[in-house]
Amino acid sequence: MIIRKIRKNGILSGKKIIKRIIILLIVLLIIKSIQYINNKINNDHSRIVSMQVGESVAFSGYLSVDNNFPYYTHSIIDTDGDKIWLKSATINLNKYKGKVEIVGKIERFLKLVPIVEVDTIKLPNQGLIIKNNIYYFTNDFLYLDFTNQPQLSAVKSGNDVNILYGDNVVVSIERFFCGAVVKRQDCTALIGDYQTTQKDNFDSLWGYTFYRHGTGIRTAFDGDLYGYVFKNIDDTMMTNLSNMIRIVNKDFILANKMADIRKNCSDQQNYLQSISDAKLRYADPKALTLLLTGESNTQTPAACTIVFAPWNSWAVTSAKFSLGK
């Protein structure tokens, strides 16, 4: 009896040991699985994990409706599969789809995914940047400020920029190269012809002259090289819209980016104090090069070549300042 009892107790102890080993293996497996999942999240979505509430972010990808109102209305997924949720109080995201770039601020996180309040949307296929109901068509150098007119919007269609009132097109705008109209001539030849023939015209708040080219057609110029045809628009609407239209030329940049010019067109002792001449290179609308000549603070001839990136919040990407002729 004593021997049997010892053997029986030994058998029971062995079962307990095996049971404990199995439980330990299951626990280790669970821990390893959690570590694997965390590592995968951190490796595949390191950018998402590093984001913080209140941070300003730019995100490129494919926009789609993903409504969970009032928390978010849309989502965007980039080429790496990273996803963020979007909402906007200033931009109707329902009007856009496909590949876009958004800029905004992280409002909160929901299930580890950031929710971004969008203030800017960029449409690469249209060369269009939209913020505060201001539409900048980078390839057409048109800046349309509808800040105080929420019923107005704009969209690119073929070669035209269409301004819409609600869903109705009120004017189509086409940019053209003056040299293509009058061979080997700049815009001064066309302007001279309009003035000689005393075409009906008026000046906008920004100093652009709008010439009547025909019934429902007006023409304006950016300076020497390019012009704009405004099609199918009546005089009253043209007058009303004229003060909302800006042409992004050298004068526009000088008027809006002088602080950046002062800061970057300088060395340790000298800076560009006055500008006597400015030229704008139009070759790359996403990298506008402004060539400036003038005088430094020491009354020495000075020059500066400065490059702006309108697609990147008009950041200065390079600047070269020099003294002497």
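What counts and what doesn't
- All residue numbers here refer to positions counted from 1 along the written sequence of the relevant chain.
- With pLDDT at 70 or above as the cut-off, local features in this predicted model cover only qualifying residues; side-chain atom pairs require 80 or more to be listed or tallied, and sums for whole chains, interfaces and linings still use all residues.
- Excluded from the side-chain calculation are hydrogens and water; included are all heavy atoms of the structure.
- By the criteria applied, helices consist of DSSP H or I runs no shorter than four residues and strands consist of E runs no shorter than two, each listed in order from the N terminus.
- Only protein chains enter the accessibility calculation, which uses a 1.4 Å probe; a residue whose area is less than 20% of its type maximum is buried, one above 50% is exposed, and one in between is partly exposed.
- Any two residues whose heavy atoms approach within 4.5 Å are treated as being in contact.
- To be clear on the numbers: accessible area is Shrake-Rupley with a 1.4 Å probe, and residue cover counts the displayed protein chains and nothing else.
- By nonpolar core we mean a set of buried residues, namely Ala, Val, Leu, Ile, Met, Phe, Trp, Tyr and Cys, connected to one another through side-chain atoms within 4.5 Å.
- Disulfides are defined as pairs of cysteine sulfur atoms found within 2.5 Å of each other.
- Arc definition: it is the arc formed by the directions from the helix axis to the C-beta atoms.
- Here, any two strands with at least 2 DSSP bridges between them count as paired.
- Per residue, pLDDT measures the predictor's confidence, with a range of 0 to 100.
- Here the axes come from fitting lines to C-alpha atoms, over the contacting stretch only for helices, and the angles between their N-to-C directions go from 0 to 180 degrees.

Participant: Teacher, can you tell me more about the overall build of the protein chain here?
Facilitator: Helix and strand counts for the protein chain come out as 7 helices and 20 strands. Here the protein chain, with 325 residues, has 38% of them falling under the buried criterion. At a minimum sequence separation of 6, the contacts of the protein chain that also span at least 24 residues come to 44%. Looking at the protein chain as shown, the accessible area adds up to about 19,100 Å², and 53% of this sits on carbon and sulfur atoms.

Participant: Would you mind showing me how to read the environment of glycine 98 here?
Facilitator: By the secondary structure assignment, glycine 98 is in strand S4 (residues 98-110). As for glycine 98 and tyrosine 62, which are separated by 36 residues in sequence, their C-alpha atoms are 5.0 Å apart.

Participant: Teacher, can you tell me more about the nonpolar core here?
Facilitator: Nonpolar side chains tend toward joint burial in soluble globular proteins. Core analysis: the biggest nonpolar cluster contains 68 residues, and Ile102, Ile121, Leu144 and Phe230 have the highest contact counts within it. Beyond its immediate stretch of four places on either side in the chain, isoleucine 102 contacts Val57, Ala58, Phe59, Ile76, Ile84, Leu86, Val116, Val118, Thr120 and Ile121. Among the nonpolar cores identified, the runner-up in size contains 8 residues, and Leu190, Ile191, Tyr194 and Tyr211 belong to it.

Participant: Quick question: what am I supposed to make of the state of the cysteines here?
Facilitator: A covalent bond between the sulfur atoms of two cysteines is what we call a disulfide. Under the definition given, this model contains 2 disulfides. Between the sulfur of cysteine 178 and that of cysteine 187 lies a disulfide, 2.0 Å long from S to S. Linking cysteine 178 and cysteine 187, the disulfide has an S-S dihedral of approximately 90 degrees and is accordingly described as right-handed. Given a relative accessible area of 0%, cysteine 187 falls into the buried group. Covalent S-S linkage joins cysteine 265 and cysteine 304, the inter-sulfur distance amounting to 2.0 Å. On the S-S bond that ties cysteine 265 to cysteine 304, the torsion sits near -75 degrees, and the link is left-handed.

Participant: Help me understand helix H4 (residues 187-196), please; the structure alone is not making it clear to me.
Facilitator: Working note: α-helix, 3.6 residues per turn, so residues spaced by three or four point in the same direction. What H4 keeps buried is the set Cys187, Leu190, Ile191 and Tyr194. Within H4, the buried residues cover an arc of 100 degrees as seen down the axis, which keeps them to one side. Against the buried residues of H4 lie strand S11 (168-177), helix H3 (178-181), strand S13 (209-214), strand S14 (217-221) and strand S15 (226-231). Within two residues after H4, glutamine 198 carries a phi angle of roughly 55 degrees, on the positive side.

Participant: Just checking my understanding: could you explain the pairing of strand S1 (residues 56-68) for this structure?
Facilitator: Here is the key point about a regular strand: its side chains alternate between the two faces of the sheet. Both S1 and S4 contribute to a ladder of 8 bridges, which runs antiparallel. Each residue of the ladder has a partner; that of phenylalanine 59, found in S4, is isoleucine 102. Hairpin connection from S1 to strand S2 (residues 72-77): 3 residues lie between these consecutive antiparallel strands.

Participant: Help me understand the confidence of the model for the protein chain in this model?
Facilitator: The predicted structure's coordinates, where accompanied by low pLDDT, should not be read in detail. Taken residue by residue, the protein chain gives an average pLDDT of 89. The fraction at 70 or more is 90%. Per-element confidence in the protein chain ranges from a low mean pLDDT of 63 for helix H1 (residues 2-44) to a high of 98 for strand S7 (residues 134-137). Confidence over residues 1-8 falls short of pLDDT 50; this stretch has 0 contacts with residues more than four positions distant or in other chains. Between residues 40-44, whose pLDDT stays under 50, and residues either more than four places distant or in other chains, the model counts 5 contacts.

Participant: Would you mind going over the sheet that holds strand S12 (residues 201-203) with me for this structure?
Facilitator: Neighbouring strands of a sheet are bound in pairs by backbone hydrogen bonds; such pairs are parallel or else antiparallel. What the 7 strands build is an open sheet, ordered S9-S10-S11-S15-S14-S13-S12; its pairing is antiparallel. Pairing within the sheet leaves two strands with one partner each, and these edge strands are strand S9 (152-157) and S12. Ignoring strand direction, the axes of neighbouring strands in this sheet form an average angle of 25 degrees. Pairing of S9 with strand S10 (residues 160-165), which is carried by 6 bridges, proceeds in the antiparallel orientation. Following the sheet pairing, alanine 154 is matched in S10 by isoleucine 163.

Participant: Got a minute to help me understand unusual backbone geometry in this structure?
Facilitator: What is expected of a backbone is that most residues other than glycine have negative phi and most peptide bonds are trans. Here phenylalanine 69 and proline 70 are connected by a cis peptide whose omega angle stands at 10 degrees. Although it is not a glycine, leucine 112 sits at a positive phi angle of roughly 70 degrees. In this fold, leucine 112 is placed in the loop between S4 and strand S5 (113-123). The exposure class of leucine 112 is exposed, given its relative accessible area of 71%. Unusually for a residue other than glycine, phenylalanine 141 sits at a positive phi of about 55 degrees. With respect to the helices and strands, the residue phenylalanine 141 is situated in the loop between S7 and strand S8 (142-145).

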